[in-house]
Protein chains: 2
Amino acid sequence: MDVRIDAERLWQRHVEMARLGGTPKGGVCRLALTDEDIKAHLLLEKWARKRGFSVALDDIGNMFIRRDGTDPDAAPVASGSHTDTQPTGGRFDGIYGVLAAFEALEAIDDAGIRTRRPLEAIVWNNEEGSRFHPGCMGSAVHAGVSTLEEMLAKTDRAGVTMGEAVKGLKAAMPDAGYRPLQSPLAAFVEAHIEQGPLLENTGNTIGIVTGMQGNRRFEVEVVGEEGHSGTTPLAGRKDAFKAAIRMARALEDHFHDPEDVLRFTIGRFDVHPGALTVVPGRVVFSIDFRHPDMEVVKRLGDGVAGVCAAHAGPCEVEVRETSGSPSVEFSGPVPEAIEASVGRRGYAAIQIYSGAGHDSRHMVHLCPSGMVFVPCEKGISHNEAENADPKDLAAGAQVIADVMLDLAERL
Amino acid sequence: MDVRIDAERLWQRHVEMARLGGTPKGGVCRLALTDEDIKAHLLLEKWARKRGFSVALDDIGNMFIRRDGTDPDAAPVASGSHTDTQPTGGRFDGIYGVLAAFEALEAIDDAGIRTRRPLEAIVWNNEEGSRFHPGCMGSAVHAGVSTLEEMLAKTDRAGVTMGEAVKGLKAAMPDAGYRPLQSPLAAFVEAHIEQGPLLENTGNTIGIVTGMQGNRRFEVEVVGEEGHSGTTPLAGRKDAFKAAIRMARALEDHFHDPEDVLRFTIGRFDVHPGALTVVPGRVVFSIDFRHPDMEVVKRLGDGVAGVCAAHAGPCEVEVRETSGSPSVEFSGPVPEAIEASVGRRGYAAIQIYSGAGHDSRHMVHLCPSGMVFVPCEKGISHNEAENADPKDLAAGAQVIADVMLDLAERL
């Protein structure tokens, strides 16, 4: 049994998807469950219906596109990723894994192959976590790692709850079936751009992902006192900005890693009230840090509150841990099937460790899982300049199709 | 001729005004020419009409409430301040000077005194400058310090122009007359809360203002490169946030003044895209600094670009000077008339220097000018906790009434 994916069709679907939330700079802004993101779901539903594939949603808004197998009781072999992006995101992060999975289903359909197990292309909801925190929310709830009630209550900056947003998606897809949380899966494989420079630098096409970093995330709130910038002597100020940048500098030292494996980032830093002539009375900033070694993750994370308190000066500081995930190892049938496909197709491949978090992180709790990375230009991602070579995207989708076909029969 | 202001009426008008944009914390958010600020103008217009005072607007949206004198050709003696506030402002900054001026007109009206010169209570538009930058915009345009066309083209963060906002005010006040820019004034006196702790600490009720600090303001834009927080090695990042906080720290040192006279503030600091898992690609921050000595203002301001460039690291930086004002001295008939009133009424008073900028800064270009400060609690201002004693507010308004009456005859 052989199946060939259609590289041109796969590329055209990327082009079409990039229009939904497309930015003047050539990137994509498609925050989770905004109108643009719902349009992406509807476009996938349209393509699925045309093929006769069924479509279902679960309680947290994950979308399941299913090609039935010959055994109606068998758990499906699934692949997928997410349609949402960062505010200044690119054309490949997330959507590539969805389109590669859908292309695999179509290519197998085109080849007229009947698999024993059903095949599914999955859209995990709110992976980026930049509208509703935390990220990987849909996969976490589906896998039972997070509770549904808690996540539906999360709000975006405008005060809209995740529950209201999911209701909007369901209303837009009245014909979708219902999929219970934690439904059995036989295996899950996710294709994704690397979001780092390693594949490009080493001239490889496929990364066989061996694991994922652990992380902890914090929100730090610094409270001082607002004052008039022209009249308040500096000695008497409680300037939340001055305290917060001292904390930020000290945290850089705290998280300094001479081997440059640890990833420490302050991505949000909101200064209130944010007016030219007002001494800032409040700053809220985020900390994201990641490391493969969970002992390092624990030790350095436990030190955050102390570092912040030591640099608060005349201000008050509160440190809240907002999320965290252990590191993950991928082993067993999925990486083995990837290895087999890569060997058969002759793709240049290496084993690779994931710096980014992905939905597959949570799938390991449900079923054997794994990931396929393809190169992206200069490793740039979470950036409107994100780019990838159509040939590499096609190679990754071919591996996804091979792995799904293999596991649908063999598992 | 004597006139007594009505302390209770003055206080009740503060209470009424504080409802327009009142915040849950007891402050006021009434940004220039928002609905709430326009309501404040309309409330003043209503009070003015009841008294038979006339109302006019000029091209930049300043509002002139006039009680006619016996000589229709005489230039008016005026007093006033502004109705707009900072986003988290208080109940007294600005509005006190407007209500003190209006109270003076009413008290003189109640006393049945006919002055030779007309008396005016003026509302200068957009003093705070936190919706439309720069501040003191209305007084600057009226005095000919800034050009009308340039200021009408300024936009707020939502892209609304000052011109559109002024049009909104004019539409809300169809019965207002027209006042040409740079119309002659005989004198201008402004009452304001001190916004500093000196009067309170020294047990004085009235500050006779001798001058105002000079200032320069800058906008600094730091451009790096967005990247994925989990995959981009720290060595390869162009983190605009990291560069910007190094600049901010270095600027603190650059502006350090062991005598604590210089006022240096970073009040706005916007991090883009501002997402938890994205390395910041752009930061825009403001610099406001002030000093009485214009040589210091010039020298330190000229050094800003160099300090920023020295700490840009792998990022690009652009420093734009957005505004600046020379220091100002008040002398002549207005401070003399204040001195005379204070002596006659027996108020405890001192000469005082203004750390904040006020509309009177620009009035010196049109006519003899001066200011009266009253204490505010703990010197706190540009803060929802801003507070003042009704007795002190009444004393300041009494001085304004005395000065206006005096100058309307004597000048």
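Reading guide: rules and limits
- Residues numbered from 1 in each chain as written.
- Chains lettered and ligands numbered in written order.
- Predicted model: local features only at pLDDT ≥ 70, side-chain atom pairs only at ≥ 80, totals over all residues.
- Heavy atoms only, no water.
- Axes fitted to C-alpha atoms, helices over the stretch in contact; angles between N-to-C directions.
- Helix = DSSP H or I, 4+ residues; strand = E, 2+ residues; numbered from the N terminus.
- Parallel < 35°, antiparallel > 145°, perpendicular 65-115°, else oblique.
- Left-handed = near helix turned anticlockwise from the far one by under 90°.
- Contact = heavy atoms within 4.5 Å.
- Nonpolar A, V, L, I, M, F, W, Y, C, P; charged D, E, K, R; others polar.
- Domains from an automatic or database assignment.
- Buried area = accessible area lost by both parts, 1.4 Å probe.
- Least-squares fit on C-alpha atoms with pLDDT ≥ 70 in both.
- Salt bridge = Lys/Arg side-chain N within 4 Å of Asp/Glu carboxyl O.
- Polar contact = N/O pair within 3.5 Å; in protein donor to acceptor, adjacent residues only side chain to side chain.
- Phe/Tyr/Trp six-rings, centres within 6.5 Å; stacked < 30°, edge-to-face > 60°.
- Buried < 20%, exposed > 50% of the residue type's maximum accessible area, 1.4 Å probe, protein only.
- Lys NZ or Arg CZ within 6 Å of the ring centre and 35° of its normal.

Draft legend 1. Seen up close, the packing of helix α1 (residues 7-18) of chain A against helix α13 (residues 390-410) of chain A. Residues and elements named next belong to chain A. The N-to-C vectors of α1 and α13 enclose an angle of 110°; their axes lie 9 Å apart at closest approach. Our classification of the angle between α1 and α13 gives roughly perpendicular. Pair α1 / α13 crosses with right-handed handedness. On α13, the residues that touch A7, L10, W11 and H14 of α1 are P390, L393, A394 and A397. Tallied by class, the residues present in the contact of α1 with α13 amount to seven nonpolar, one polar and no charged.

Draft legend 2. Inspection of the domain arrangement of chain A at higher detail. All names here are of chain A. Looking at chain A, the domain boundaries give domain 1 (7-212 + 327-410) and domain 2 (214-325). Taking the mean C-alpha position of each, domain 1 and domain 2 sit 33 Å from one another. The interface of domain 1 with domain 2 comprises eleven residues on the first partner and eleven residues on the second. Roughly 770 Å² is buried in total at the junction of domain 1 and domain 2, and carbon and sulfur atoms are behind 43% of that figure. On the domain 1 side of the contact with domain 2, H133, R157 and S327 bury the most area, a combined 49% of that side's loss.

Draft legend 3. Structural context of the relation of the copies chain B and chain A. Mapping chain B onto chain A calls for a rotation angle of 180° and an axial translation of 0.0 Å; the resulting RMSD is 0.0 Å. Accordingly, the operation relating the two chain copies is best matched by a two-fold axis. Measuring from the rotation axis to each C-alpha of chain B, the shortest distance belongs to I245 of chain B, at 3.1 Å. Most of the interface of chain B is mirrored in chain A: 100% of its interface residues are interface residues there too.

Draft legend 4. Region of interest: the interface of chain B and chain A. Facing 59 residues of chain B, the contacting portion of chain A comprises 59 residues. Buried area between chain B and chain A, summed over both chains or domains, comes out near 4900 Å², and the portion from carbon and sulfur atoms is 55%. The interface formed by chain B and chain A contains four salt bridges. A salt bridge links E252 of chain A to R246 of chain B; the shortest N-O distance between them is 2.6 Å. At the level of elements, β9 (227-228), α8 (240-254), β10 (263-265), β11 (269-272), β12 (278-279) and β13 (282-291) of chain B are the ones that each hand at least two residues to the side of chain B that touches chain A. Considering every element that reaches the side of chain B that touches chain A, the biggest residue donor is α8 of chain B, with seven residues.

Draft legend 5. Focus on the side chain of D156 of chain B. All names here are of chain B. If you trace the backbone, D156 turns up in the loop between α5 (148-152) and α6 (162-172). A polar side-chain atom of D156 sits 3.0 Å from the main-chain amide nitrogen of A158. Polar side-chain contacts of D156 include one of 2.8 Å to the backbone nitrogen of V160. With near-sequence residues (within four places) excluded, D156 lies in contact with R131 and F132.

Draft legend 6. Broad picture of the packing of aromatic side chains. Inspection of every chain in the model, using the stated rule, returns 21 aromatic pairs over all chains. Ring centres of W11 of chain A and F92 of chain A lie 6.1 Å apart, and the angle between their planes is 20°; this geometry places the pair in the stacked category. Note that W11 of chain A is positioned in helix α1 and F92 of chain A in the loop between β3 (77-81) and α3 (95-110), a separation of 81 residues in sequence. Look at F241 of chain B and F269 of chain B: their rings are 6.2 Å apart centre to centre, the planes differ by 80°, and that puts the pair in the edge-to-face class. Placement of F241 of chain B in helix α8 and of F269 of chain B in strand β11 is noted, with a sequence separation of 28 residues between them. Under the relative-accessibility criterion, F269 of chain B is labelled buried at 1%. A cation sits over an aromatic face here: R179 of chain A above F64 of chain A, 4.3 Å from the ring centre. We note R13 of chain B situated over the ring of W47 of chain B; from NZ or CZ to the ring centre the distance is 4.2 Å.

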